[in-house]
Amino acid sequence: MKSAVETLNPTRVRLTVEVPFEELKPSLDAAYKKINQQLSIPGFRKGKVPARVIDQRVGRGAVLEEAVNDALPKIYQDAVNEGELSPLGQPEVDITELKDGELLAFTAEVDIRPELEIPDYSGIEVTVDAVEVSDEDVAEALDQLRERFATNSVVERAAADGDVVKLDLEARVDGELLDDGVAKGVDYTIGSGRLLDGIDEAVTGLEAGAEATFASELKGGSAAGREAEVSVRIETVSARELPELDDEFAQLASQFDTLDELREDSRERLARQKQYEQATSAQEKVLEELLELVEVPIPEKLLQDEVETRRHNLVNHQLGQLGMDLDAYLKMQEKTAEEFDAELKEQAEKGIRTQFVLDEIAKREQLSVSQEELTEHLMRRAQSSGMSPDQFAKAVVEGGQVPMLVGEVSRGKALATVVESVKVVDTNGEPVELDDEDETGETVEATTETESTEAPAAEGDKDEAGEAKPNS
């Protein structure tokens, strides 16, 4: 076999391949054997039809076509390996010459990973918020904890802000009651903003048994995004009573004996949370600065596929679970279709650029992924997907997505390597030291995952980049 590589642009090449006919003999034998099993000719046992008879009955051309289809994938892969290429997606194959007994020649155009120049990034400097926990932060955290232990007592008075009301709701669009527009016995805290726009104003001041009607845009269901007339009836009004903030409450709500111990623990928890947020912010900002330094050409077909995958995941998985279509989503987001498409393309471009750059750094730094790191990452992904680790692992293996997870961990380690070598300071001008867990754990991996790799169920519609088989 002889092969040559022609660079068409930074992300696409044309392979020209010539194969002596004798190298096709194994595939030619396999073609005769396959066709033999499909033929039934009087005078010959099945599978024992001579090649000359097959040529007469089926045609030598059909045998050659079968042999070429069998041989092409391996020949193409050998040419890719010889050219040291990193193909993306499926190649476009064109048989340019097929001389029986002499030669097979073909071309294959395919997108490839671009060669990237990674400059010195050690001069990157980013600023993140300082980790500061105020007394007000602690007080707010304790109030939220008190809310979890609050009790509701039915009262005989008009509903006010902060009260819990039990409601019956009916939604009508254009005067027609929606099939999914009825809800009974819904508990709602006035002022929480967790139900429908306009409901707080409608129920405030009403007593048990009273009714009201208000207009609101539906957030979900069959008429999501449409204006509805909503009827609401108050069943009961309950006042929320918060426990006193004292040692007794500390013993009720925690393992601590005193309020001071609980308060100190809350301060430490808030500090850890802010440190996590600080680490995430640092990684995101470092990544932004890194991407600014590297010119990354993107294959147009890969970009189109990524955009379509993101659109598919949003419409069929995320919005579908909410009972919402794309039009309703755009209306809720106050975006035009053109703005949505532009935003989707921008996100896809950033995702591809991020993968290319971090993959290149991982390659140059010779970063490997251990079984322990892969298992830890799989556990985190399973938790975020709502699946058990066993279910998630099974879906990953059956979907052939283990390389995808390995890539996520590898890119996380690559970004951690960059973060370690740059300068991160807080808003007080103090250097920020990120510990090993921050740098190699969940925060980095979450930063480097792209939307197209959300979960195994969402990946079935997309070919794995780099797995290319020629189409003849």
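Residues numbered from 1 in each chain as written. Predicted model: local features only at pLDDT ≥ 70, side-chain atom pairs only at ≥ 80, totals over all residues. Heavy atoms only, no water.

## Comments concerning the overall build of the protein chain
Item 1. The helix and strand tally for the protein chain stands at 16 helices and 11 strands.
Item 2. A compact globule built from 472 residues should have a C-alpha radius of gyration of about 23 Å, whereas the protein chain, at 32 Å, is more than 25% larger.
Item 3. Overall, the C-alpha framework of the protein chain stretches about 100 × 60 × 40 Å when taken along its three principal axes.
Item 4. In the protein chain, buried positions account for 40% of the 472 residues.
Item 5. On the protein chain, roughly 26400 Å² of surface is accessible, and the fraction owed to carbon and sulfur atoms is 44%.
Item 6. Side chains of the protein chain carry 50 positive and 108 negative charges; the gap between the two charge centres is 10 Å. (Helix = DSSP H or I, 4+ residues; strand = E, 2+ residues; numbered from the N terminus. Rg over C-alpha atoms; globule rule 2.2 N^0.38 Å. Buried < 20%, exposed > 50% of the residue type's maximum accessible area, 1.4 Å probe, protein only. Areas by Shrake-Rupley, 256 points an atom, 1.4 Å probe, with all protein chains shown as cover. Lys, Arg positive; Asp, Glu negative; His and termini not counted. Charge placed at Lys NZ, Arg CZ, Asp CG, Glu CD.)

## So, the packing of helix H4 (residues 135-148) against helix H7 (residues 259-293)
Item 1. Two numbers describe how H4 lies on H7: the axes approach to 9 Å, and their chain directions differ by 105 degrees. The pairing of H4 with H7 is recorded here as roughly perpendicular in orientation. Contact residues: Asp135, Asp137, Val138, Ala141, Leu142 and Leu145 in H4; Leu262, Arg263, Ser266, Arg267, Leu270 and Lys274 in H7.
Item 2. Along the lines of polarity and charge, the residues of the contact of H4 with H7 split into 6 nonpolar, 1 polar and 5 charged. (Axes fitted to C-alpha atoms, helices over the stretch in contact; angles between N-to-C directions. Parallel < 35°, antiparallel > 145°, perpendicular 65-115°, else oblique. Contact = heavy atoms within 4.5 Å. Nonpolar A, V, L, I, M, F, W, Y, C, P; charged D, E, K, R; others polar.)

## Quick notes on the UniProt feature "domain: PPIase FKBP-type" (unreviewed entry) in the protein chain
Item 1. According to UniProt, the feature "domain: PPIase FKBP-type" (unreviewed entry) maps to residues 162-214 in the numbering used here.
Item 2. A helix fraction of 9% and a strand fraction of 53% characterise residues 162-214, whose end C-alpha atoms lie 20 Å from each other. (UniProt positions renumbered as here; feature names shortened; annotations may be inferred.)

## Quick notes on the pattern of salt bridges
Item 1. Counting across every chain of the model gives 32 salt bridges.
Item 2. We note a salt bridge from aspartate 260 to arginine 263, for which the minimum N-O separation is 3.4 Å. With a gap of 3 residues between them, aspartate 260 and arginine 263 both fall in helix H7, about one helical turn apart.
Item 3. Given a relative accessible area of 56%, aspartate 260 falls into the exposed group.
Item 4. Here glutamate 360 ties to arginine 364 by a salt bridge, and the two come within 2.8 Å at their closest N and O atoms. Here glutamate 360 and its partner arginine 364 are both found in helix H10 (residues 337-364), 4 residues apart, which amounts to about one turn of the helix. (Salt bridge = Lys/Arg side-chain N within 4 Å of Asp/Glu carboxyl O.)

## What to know about the packing of helix H11 (residues 371-385) against helix H13 (residues 402-421)
Two measures define how a pair of helices packs: the angle their axes make with one another and the distance between the axes.
Item 1. It is the contact of H11 with H13, at a shortest axis distance of 10 Å, that shows an interaxial angle of 105 degrees. Looking at the two axes, H11 sits roughly perpendicular to H13. The residues of H13 that touch H11, namely those facing Glu373, Leu374, His377, Leu378 and Arg381, are Val402, Leu405, Val406, Glu408, Val409 and Lys413.
Item 2. The residue inventory of the contact of H11 with H13, partitioned by class, reads 6 nonpolar, 1 polar and 4 charged.

## A look at the environment of serine 421
Item 1. Within the fold, serine 421 resides in helix H13.
Item 2. Each C-alpha atom, one on serine 421 and one on valine 131, is 21 Å from the other, the two residues being 290 residues apart in sequence.
Item 3. In contact with serine 421, other than residues within four places in its own chain, are Tyr121 and Ser122.

## Let's talk about the nonpolar core
Item 1. Counting residues in hydrophobic clusters, the biggest one holds 43 residues, and the most contacted among them are Leu290, Tyr329, Val357 and Ile361.
Item 2. Every element with two or more residues in this core is listed here: strand E5 (125-128), H7, helix H8 (300-321), helix H9 (326-333), H10 and H13.
Item 3. Ranked by the residues each element gives to this core, the list is headed by H10, at 9 residues.
Item 4. Residue contacts for isoleucine 361: discarding those within four places in its chain leaves Ile118, Tyr121, Leu290, Ala414 and Val418.
Item 5. Residues Val19, Val68, Val93 and Ala108 belong to the second largest nonpolar core, which totals 32 residues. (Core = buried A, V, L, I, M, F, W, Y, C linked by side-chain atoms within 4.5 Å.)

## Topic: the environment of threonine 236
Item 1. Within the element layout of this structure, threonine 236 appears in strand E10 (residues 227-241).
Item 2. The exposure class assigned to threonine 236 is partly exposed, which follows from its relative accessible area of 26%.
Item 3. Remark: the alpha-carbon pair of threonine 236 and alanine 416, spanning 180 residues in sequence, is separated by 54 Å.
Item 4. Ignoring any residue separated from it by four or fewer positions in sequence, one finds threonine 236 in contact with Val164, Val165, Lys166 and Ala208.

## Considerations on the pairing of strand E3 (residues 87-99)
Item 1. Bridge count between E3 and strand E4 (residues 103-112): 9 bridges; the pairing is antiparallel. Within E4, the position partnered with leucine 98 by the bridge is leucine 104. (Pairing = 2+ DSSP bridges.)

## A word on H9
Item 1. Looking at H9, one finds that the buried residues are Leu326, Ala328, Tyr329 and Leu330.
Item 2. Considering only its buried residues, H9 is in contact with H8 and H10.
Item 3. Near the N-terminus of H9, the side chain that reaches the backbone nitrogen of aspartate 327, with its oxygen 3.4 Å away, is that of aspartate 325.
Item 4. Just past H9, the residue glutamate 334 takes up positive phi, approximately 55 degrees. (Polar contact = N/O pair within 3.5 Å; in protein donor to acceptor, adjacent residues only side chain to side chain.)

## Describing the confidence of the model for the protein chain
Keep in mind that low pLDDT regions are not for reading the predicted coordinates in detail.
Item 1. For the protein chain, mean pLDDT is 88; residues scoring 70 or higher make up 92% of the total.
Item 2. In the model, residues 437-441 has pLDDT below 50 throughout and makes 14 contacts with residues more than four positions away in sequence or in other chains.
Item 3. For the stretch residues 450-472, pLDDT sits under 50, and the model shows 63 contacts to residues farther than four places along the chain or on other chains. (pLDDT = per-residue confidence, 0-100.)

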